[in-house]
Amino acid sequence: MAVCARLCGVGQSRRCRRRQRHNQQDQGSDSDMDEEEGERIVGKRQGDVCGGGGPESGVATAGPSDACEYGSGHHVNRGGSLNRTSTGPPHPQTLAELPPELLVEIFSLLPGTALPNVALICKKFRQILSTETIWRRRCIEEFGMKEDLRKMEVGGVSSRELYVKRVNPRVKSGRFVKLLPDYKHMDYRDVYTHLLHPYRHILGLWQPDIGPYGGLLNVVVDGLFIIGWMYLPPHDPRVEDPMRRRPLFRIHMWETKKASVECMYGHKGPHKGDIQTVKKDEFSTKCNQTDHHRMPGGRQEEFRTWLEEEWGRTLEEIFHEHMQELILMKFIYTSQYDNCLTYRRIYLPPTLPSDLLQPGLFKGTYGSHGLEIVMLSFHGTSARATKLTGDPNVPAGQLTLDVDLSRPVVLPDLEHQRKIEELSRLVLGVHEEVQREVEQRAKDSSATVNGAAEGACGGASGAEGMDIDHGACSDSCEPGPSSSSSSSSPPEAQPFVLPLGVMARNEVYPRTCRKCFYGTGLIAGHGFTSPERTPGLFVLFDEDRFGFIWLELKSFSLYSRLTDHLAHAHAPNMERFEAMLRNMQSWTS
């Protein structure tokens, strides 16, 4: 504000104040500009600002090259008299002397939070800041609102969620009335001021605190709404299908220029809700009308409806008794959170040139637990998959896969791939080597750092002669992709087949793969008891799919990329992302 005041000349000299009084007289009718005039910024006469001008200069249409060419070519010298000998156009001495079109362009580049202070500088600035063009640009660039406010329709919400059945007393019949406010009397400034800016802190990705089950919430600007979408995996075992979405809450404006929060849970349409900021990167939602969540048939009907939405089938179609118990347990547990939920912010992992593939979110098969969502990220020579949704055995927030990219595994021919004994021999050989290195580092913990480094390198070189190819990382101990992805062409795919006896939740898996690496997977008993990292094989199929063979469990998990566009979700830097991962693990520990 101080900079703008200095540029404007407010309080600097009596000449500036005289110029402002002349401007106010000439622009007195601008305070009542209608919307069309505001868009074009019609200036009456700017003769008092830039030294004159005739009637032909009534509409200010100057561009950057002729910002102050108002027709006369006269220049006001510092003494206040006209200098008629000057041949060049006068140069603006303050920001206020610029034509309105340039001021609109300049103010449109400022963040919306700075504009109220700019409006306090002078009447001219305040009038220009009533222009819809400025606030429209702020809504688009800061919040992704891309449509025309006068023609905007909300997208991605079904008619069941936007309409409610009302009774027309005149015809005594039911009809559906659209639950949208009248936006004809709103402008971009109101939407920015009363909706987008106050709730900007909840945009992005969040993980709900639902015990071991977790979840994925994406809060976005959708039309003239801010909607919290709960992302649900496809129905088991269709891991290649797109994600399902369910709205949990929405925020929008009425003609009173006041934002309203509504809960979307249940089957009776939107109803009153509330949002509270708990602390930084954490907020909570509350339903004020929980009776809307109840169904006429009671809990039994609610369970049948939930089961169809969650699993896409009835309980009678699920024959496995253990799976029935897990499903019933999840319904009882999650239904306790239908009136109040707390969310913690999560970020998408940053991308580095050396990454094996694009990091991000993936859907994976987890046996009788169904499909779960994991986040794949890269940390030096390690690739890690962290659970965003979980189960009673391994809860959300835990590191489900830890892959050592410095230890590639060369698969044998198809005949030997089909033998689980051959695959186990390859992977367990690497696992034993890793264990020896860990033990060696423990013995050398009292030695110097150089001694410990030499011991680690010695352990790595002692693995020569095994049936595991370490040539990809023998030069600099960098991850596998650094040696292979240096070439422009992707690595040649090799045939892949699951060993006999390995259970796959989805039998439709790729028959070729690019690379394989040694890794460990986290297994535990019910209630996350006796957690243990067990060896396995990470299989990269392509940019959007990978798999993991759990040797001890003799099972295979297939992971497919979540391709939805997720705005406001990228981590500012790697440090913030790794701090978030540590916090996620502490939530469920």
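Located above this text is the structure these notes cover.
Definitions and cut-offs
- Residues numbered from 1 in each chain as written.
- Predicted model: local features only at pLDDT ≥ 70, side-chain atom pairs only at ≥ 80, totals over all residues.
- Heavy atoms only, no water.
- Helix = DSSP H or I, 4+ residues; strand = E, 2+ residues; numbered from the N terminus.
- Buried < 20%, exposed > 50% of the residue type's maximum accessible area, 1.4 Å probe, protein only.
- Contact = heavy atoms within 4.5 Å.
- Areas by Shrake-Rupley, 256 points an atom, 1.4 Å probe, with all protein chains shown as cover.
- Salt bridge = Lys/Arg side-chain N within 4 Å of Asp/Glu carboxyl O.
- Expected span 1.5 Å × (residues − 1).
- Axes fitted to C-alpha atoms, helices over the stretch in contact; angles between N-to-C directions.
- Parallel < 35°, antiparallel > 145°, perpendicular 65-115°, else oblique.
- Phe/Tyr/Trp six-rings, centres within 6.5 Å; stacked < 30°, edge-to-face > 60°.
- Pairing = 2+ DSSP bridges.
- Left-handed = near helix turned anticlockwise from the far one by under 90°.
- Nonpolar A, V, L, I, M, F, W, Y, C, P; charged D, E, K, R; others polar.
- Polar contact = N/O pair within 3.5 Å; in protein donor to acceptor, adjacent residues only side chain to side chain.

Asks: How should the overall build of the protein chain be read in this particular structure?
Replies: From N to C terminus, the protein chain includes 17 helices and 23 strands. The buried share among the 589 residues of the protein chain stands at 48%. Relative to all contacts within the protein chain whose residues are 6 or more apart in sequence, the contacts with residues 24 or more apart total 60%. Summed over its atoms, the accessible surface of the protein chain is roughly 29,700 Å², and 51% of this surface lies on carbon and sulfur atoms.

Asks: Can you walk me through the pattern of salt bridges in this structure?
Replies: Side-chain pairing between opposite charges can occur once the charged atoms of the two side chains come close. For the structure shown, the criterion picks out 25 salt bridges. Of the charged contacts, one joins Arg344 and Glu282 as a salt bridge, the two residues approaching to 4.0 Å between their closest N and O atoms. Taken together, the residues Arg344 in strand β12 (residues 340-346) and Glu282 in strand β11 (residues 282-287) connect sequence positions 62 residues apart. When sorted by exposure, Arg344 lands in the same class as Glu282, which is buried.

Asks: Help me understand helix α12 (residues 321-334), please; the structure alone is not making it clear to me.
Replies: Each α-helix turn comprises 3.6 residues. Residues three or four places apart therefore point the same way. For α12, spanning 14 residues, the distance from its first C-alpha to its last is 20 Å, which sits close to the expected 20 Å at 1.5 Å a residue. Along its buried surface, α12 packs onto α11 (298-311).

Asks: Could you clarify how one ought to interpret the environment of Ser530 in this entry?
Replies: Within the secondary structure, Ser530 is located in strand β21 (residues 529-542). Judged by relative accessible area, which is 64%, Ser530 ranks as exposed.

Asks: Help me understand the packing of helix α8 (residues 132-143) against helix α10 (residues 188-196), please; the structure alone is not making it clear to me.
Replies: The axes of two packed helices give the description: the angle between them and the distance between them. One can describe the packing of α8 onto α10 by two numbers: an axis separation of 7 Å at closest approach and a directional angle of 40°. By the angle class used here, α8 and α10 are oblique. Taken together, the residues of α10 that come into contact with α8 (itself represented by Glu132, Trp135, Arg136, Arg138, Cys139, Glu142 and Phe143) are Tyr188, Arg189, Tyr192 and Leu196.

Asks: Would you mind going over α11 with me for this structure?
Replies: Helix length check: α11 (14 residues) gives 20 Å between terminal C-alpha atoms against 20 Å at 1.5 Å per residue, within 8%. Burial in α11 covers these residues: Glu302, Phe303, Thr305, Trp306, Leu307, Glu310 and Trp311. As for α11, its buried residues are in contact with β8 (244-253) and α12.

Asks: Help me understand the packing of aromatic side chains in this model?
Replies: Two measures describe an aromatic ring pair: the distance that separates the ring centres and the angle between the ring planes. Taken as a whole and assessed by the stated rule, the structure comprises 21 aromatic pairs. A centroid spacing of 5.5 Å and a plane angle of 70° characterise the contact between Phe496 and Phe541, whose relative ring orientation is edge-to-face. Separated by 45 residues along the polypeptide, Phe496 in the loop between β17 (494-495) and β18 (503-504) and Phe541 in strand β21 bring together distant segments of the chain. For Phe496, a relative accessible area of 3% puts it in the buried group.

Asks: Quick question: what am I supposed to make of the pairing of strand β23 (residues 555-561) here?
Replies: A regular strand carries its side chains on alternate faces of the sheet. Taken across its seven residues, β23 has seven buried, putting it largely inside the fold. Residues of β23 alternate between two faces, with Ser555, Ser557, Tyr559 and Arg561 on one and Phe556, Leu558 and Ser560 on the opposite face, all of them buried. Where β18 lies against β23, two bridges are found, and the strand directions are parallel. Counterpart to Met503 in the pairing with β23 is Ser555. Here strand β22 (residues 545-550) runs beside β23; their pairing, made up of six bridges, is antiparallel. Directly across from Ile549, in β23, lies its bridge partner Phe556. In this antiparallel pair of consecutive strands, β22 and β23, the connection spans four residues, and Lys554 shows a positive phi of 55°.

Asks: It is not clear to me how the packing of helix α5 (residues 100-108) against α8 should be interpreted in this structure. Could you clarify?
Replies: The N-to-C vectors of α5 and α8 enclose an angle of 20°; their axes lie 9 Å apart at closest approach. If you check the angle between α5 and α8, you find them roughly parallel. For the pair α5 and α8, the crossing hand works out as right-handed. Within the contact between the two elements, α5 uses Val104, Glu105, Phe107 and Ser108 and α8 uses Thr133, Ile134, Arg137 and Arg138. Across the contact of α5 with α8, the residue classes tally to three nonpolar, two polar and three charged.

Asks: How do you make sense of the side chain of Thr365 when you look at a structure like this?
Replies: Of note, Thr365 is situated in strand β13 (residues 360-365). Overall, the relative accessible area of 1% leaves Thr365 in the buried class. Reaching out from Thr365, the side chain makes a polar contact with the backbone nitrogen of Leu558 at a distance of 3.1 Å. Those residues within four positions of Thr365 in sequence are excluded, and the remaining contacts are Val239, Gly370, Leu371, Arg505, Phe556, Ser557 and Leu558.

Asks: When you look at the pairing of strand β10 (residues 271-279) in this model, what are you seeing that I'm missing?
Replies: Sheet topology places strand β9 (residues 259-263) next to β10; two bridges connect them, and they run antiparallel. If you follow Glu262 over to β10, its bridge partner there is Lys272. Bridge count between β10 and β11: six bridges; the pairing is antiparallel. Considered in β11, the bridge of Asp274 is made with Lys286. Hairpin connection between β10 and β11: a loop of two residues separates the two successive antiparallel strands, and Asp281 in this loop has a positive phi of roughly 60°.

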